[in-house]
Amino acid sequence: MAIITLDGIHKVYRTKDIETTALENINLQVNPGEFLSIMGPSGCGKSTLLNIIGLLDKPTDGTVTLLDTDCGRLSDRELSHFRNHNLGFVFQSFHLIPSLSVADNVELPLIYRSGLSAGDRRKKVEQVLERLEMSHRIRHLPAQLSGGQCQRVAIARAIIGNPAIVLADEPTGNLDSKMGSEVMSLLHRLNKEDGTTVVMVTHNESQARETDRIVRFFDGRIVG
């Protein structure tokens, strides 16, 4: 059974004078443990789709089903809880908080979970940073890290809560080829070793070909 199902997804942005269709009749299923790439030219709706899958935006029409849950029926509070427990996000620009240490950035998703003491949270942080070979940077600030190290920290933050689904929006877009390859290796390890479903938006054809399936977008539609 699919872990992600999009049924008849439309997304329209409206202003007083203009109506822009970002997504049109998107039907897509992603299987548990699949590594899916989404490709297409800039402005074709890829990131909009990822935001809808990630429950950061709502479709104008259609149904989003994640982990057998019709997410359109959830309240805002329930959506926040669902995101925190089931989804991890990796962005092109890292989105680390500059004033927080590596450890504090990674710990953030756990702060919003009940039942975890400060000691339990810190133990999880240490474990995930050790796995991603970032233990030696645990007290550093983001400004003291390279781009590749920042993305490792962002991945650590994304997986700290053991999400079933990781959504990555151009995760290597701000990195050189060597660092980009390292980040892709981490995502593949996460996918293969943990069985995490990964959906990645990318412009990199060679990286996309390393994944299980490529969905191609053009003008808000799936074309291949």
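Preceding this section is the structure that the text describes.
Let us look at the structure shown here.

**Things to note about the pairing of strand 1 (residues 4-14)**
The pairing of strand 1 with strand 2 (residues 19-30) spans 8 bridges and is antiparallel. Bridge assignment links Thr5 to a residue of strand 2, and that residue is Gln29. Relative to strand 4 (residues 61-66), strand 1 runs antiparallel, the two being bridged by 5 bridges. Across the sheet, His10 pairs through a bridge with Asp61, a residue of strand 4.

**Looking at helix 5 (residues 147-159)**
Between its terminal C-alpha atoms helix 5 stretches 19 Å, which fits the 18 Å expected from 13 residues at 1.5 Å a residue. Among the 13 residues that make up helix 5, 12 are buried, leaving the element largely enclosed by the rest of the structure. Here the buried face of helix 5 lies against strand 6 (87-91), helix 3 (102-111), helix 4 (118-131), strand 7 (165-169) and helix 6 (177-194).

**Thoughts on the packing of aromatic side chains**
All told, the structure shown has 1 aromatic pair when counted by the stated rule. Taking the centre distance of 6.1 Å and the plane angle of 5 degrees together, the rings of Phe89 and Phe91 count as stacked. Take Phe89: its relative accessible area is 17%, and that puts it in the buried class.

**Regarding the environment of Leu6**
Relative to the helices and strands, Leu6 is located in strand 1. Spatially, the C-alpha atoms of Leu6 and Leu66 are 8.8 Å apart, while their sequence positions differ by 60 residues.

**With respect to the sheet that holds strand 9 (residues 213-218)**
In spatial order, the strands read 6-7-8-3-9-10; together these 6 strands make up an open sheet with mixed pairing. Each edge of the open sheet carries a strand with a single partner, namely strand 6 and strand 10 (221-222). Across 4 bridges, the pairing between strand 3 (residues 35-39) and strand 8 (residues 197-201) is parallel. If you follow Phe35 over to strand 8, its bridge partner there is Val198. Along the sheet face, helix 2 (residues 76-86) touches strand 6 and strand 7 and points at about 75 degrees away from the line of strand 6.

**Remarks on the nonpolar core**
Residues Val106, Val128, Leu129, Ile155 and Ile159 are the most contacted members of the largest nonpolar core, which totals 33 residues. Of all elements in the fold, only helix 3, helix 4, helix 5, strand 7, helix 6 and strand 8 reach the threshold of two or more residues within this core. Of all the elements, helix 5 adds the most residues to this core, at 7 residues. Residues within four places of Val106 in sequence aside, it is in contact with Val125, Val128, Leu129, Val153, Ala156, Arg157 and Ile160. Core analysis: the next-biggest nonpolar cluster, separate from the first, contains 30 residues, Leu23, Leu74, Phe82 and Leu87 among them.

**A short note on the packing of helix 3 against helix 4**
The contact between helix 3 and helix 4 brings their axes to 9 Å, and the two run at 120 degrees. The angle between helix 3 and helix 4 falls in the class oblique. Regarding helix 3 and helix 4, the two cross each other, and that crossing is right-handed. From helix 3, Val102, Ala103, Asp104, Val106, Glu107, Leu110 and Ile111 reach across to helix 4, where they touch Arg121, Arg122, Lys124, Val125, Val128 and Leu129.

**Brief notes about the packing of helix 3 against helix 5**
For the pair helix 3 and helix 5, the least separation of the axes is 7 Å and the interaxial angle reads 30 degrees. Relative to helix 5, the element helix 3 lies roughly parallel. Between helix 3 and helix 5 lies a crossing of right-handed hand. For the pair formed by helix 3 and helix 5, the contact residues are Val102, Asn105, Val106 and Pro109 on the first element and Val153, Ala156 and Arg157 on the second. Classifying every residue of the contact of helix 3 with helix 5 by side-chain character gives 5 nonpolar, 1 polar and 1 charged.

**Things to note about the pattern of salt bridges**
The full count for this structure, using the stated rule, is 17 salt bridges. We note a salt bridge from Glu205 to Arg209, for which the minimum N-O separation is 3.4 Å. Residue Glu205 and its partner Arg209 are located together in helix 7 (residues 205-209), separated by 4 residues, close to a single helical turn. We classify Glu205 as partly exposed; its relative accessible area is 26%. By relative accessible area, which is 62% here, Arg209 ends up exposed. Where salt bridges share partners, they join Asp104, Glu107, Arg121 and Arg122 into one cluster.

Rules used throughout
Residues numbered from 1 in each chain as written. Predicted model: local features only at pLDDT ≥ 70, side-chain atom pairs only at ≥ 80, totals over all residues. Heavy atoms only, no water. Pairing = 2+ DSSP bridges. Helix = DSSP H or I, 4+ residues; strand = E, 2+ residues; numbered from the N terminus. Expected span 1.5 Å × (residues − 1). Buried < 20%, exposed > 50% of the residue type's maximum accessible area, 1.4 Å probe, protein only. Contact = heavy atoms within 4.5 Å. Phe/Tyr/Trp six-rings, centres within 6.5 Å; stacked < 30°, edge-to-face > 60°. Axes fitted to C-alpha atoms, helices over the stretch in contact; angles between N-to-C directions. Core = buried A, V, L, I, M, F, W, Y, C linked by side-chain atoms within 4.5 Å. Parallel < 35°, antiparallel > 145°, perpendicular 65-115°, else oblique. Left-handed = near helix turned anticlockwise from the far one by under 90°. Nonpolar A, V, L, I, M, F, W, Y, C, P; charged D, E, K, R; others polar. Salt bridge = Lys/Arg side-chain N within 4 Å of Asp/Glu carboxyl O.

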